[in-house]
Amino acid sequence: QVQLVESGGGLVQPGESLRLSCAASGLTFSRYVMTWYRQAPGKERELVARISSAGGSTNYADSVKGRFTISRDNAKNTVYLQMNSLKPEDTAEYYCNAAVYGVAKVEYWGQGTQVTVSS
């Protein structure tokens, strides 16, 4: 059974930081591209950050470039999202996604963790 479990969300004030974690089990973690998505109520799900299977390449949404950093530890089967200088518009449910691309795409989702940035 594949499981992705996010943690680290919470309530913070603007300008503060959070680190999200996503622990994976039941899959060969080092084969998967890992992506953080987020979705605010009434809005479309958006890609936040992505990291290649070996950790050598990353991609970020323009809105988080320079503030967020994605990383992974394949020995721990965990991907992280370091979020600095948080803004109210970062408020959303954050989801971890694992995907492999071959003849067909196979992907898995975590249950999500809430991030709220408010004064």
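So, here is what we can say about the structure in this document. (Residues numbered from 1 in each chain as written. Predicted model: local features only at pLDDT ≥ 70, side-chain atom pairs only at ≥ 80, totals over all residues. Heavy atoms only, no water.)

1. Some thoughts on the state of the cysteines
Phase 1 of the analysis: Following the criterion strictly, the structure yields one disulfide and no others.
Phase 2 of the analysis: In this model C22 forms its disulfide with C96; the gap between the sulfur atoms is 2.1 Å. Linking C22 and C96, the disulfide has an S-S dihedral of approximately -85° and is accordingly described as left-handed. Placement of the pair is C22 in strand β3 (residues 18-25) and C96 in strand β9 (residues 92-101), with a sequence separation of 74 residues. In terms of burial, C22 and C96 fall into one category: buried. (Disulfide = S-S within 2.5 Å. Helix = DSSP H or I, 4+ residues; strand = E, 2+ residues; numbered from the N terminus. Buried < 20%, exposed > 50% of the residue type's maximum accessible area, 1.4 Å probe, protein only.)

2. A closer look at the nonpolar core
Phase 1 of the analysis: M34, W36, V79, L81, M83 and Y94 are the most contacted members of the largest nonpolar core, which has 30 residues in total.
Phase 2 of the analysis: Sorting the residues of this core by element identifies β3, β4 (33-39), β5 (46-51), β7 (68-73), β8 (78-83), β9 and β11 (113-117) as the ones contributing at least two each.
Phase 3 of the analysis: Among residues more than four places away in sequence, those in contact with Y94 are E6, L20, W36, Y37, R38, V48, F68, L81, M83, G112, T113 and V115. (Core = buried A, V, L, I, M, F, W, Y, C linked by side-chain atoms within 4.5 Å. Contact = heavy atoms within 4.5 Å.)

3. Details of the sheet that holds β3
Within a sheet, adjacent strands bond to each other through the backbone by hydrogen bonds, running parallel or antiparallel.
Phase 1 of the analysis: Taken together, four strands build an open sheet; the order of strands is β1-β3-β8-β7 and the sheet is antiparallel. Only two strands of the sheet have a single partner each, and these edge strands are β1 (3-7) and β7. Averaged over all neighbouring strand pairs, the angle between strand axes comes to 15°, with direction disregarded.
Phase 2 of the analysis: One ladder, built from five bridges, connects β1 with β3; its direction is antiparallel. Residue pairing across strands places Q3 opposite S25, the latter belonging to β3. (Pairing = 2+ DSSP bridges. Axes fitted to C-alpha atoms, helices over the stretch in contact; angles between N-to-C directions.)

4. Overview of the pattern of salt bridges
Phase 1 of the analysis: By the definition in use, this model includes five salt bridges.
Phase 2 of the analysis: For E46, the salt bridge identified is with R38, shortest N-O distance 2.6 Å.
Phase 3 of the analysis: Look at E46 and you get partly exposed, because its relative accessible area is 33%.
Phase 4 of the analysis: When the shortest N-O distance is used, the salt bridge between R67 and D90 registers 2.8 Å. One end of the pair, R67, is in the loop between β6 (58-60) and β7; the other, D90, is in the loop between β8 and β9, and 23 residues separate them in sequence.
Phase 5 of the analysis: What makes R67 buried here is its relative accessible area of 10%.
Phase 6 of the analysis: Overlapping salt bridges, with partners in common, bring together R38, E46, R67 and D90 in one network. (Salt bridge = Lys/Arg side-chain N within 4 Å of Asp/Glu carboxyl O.)

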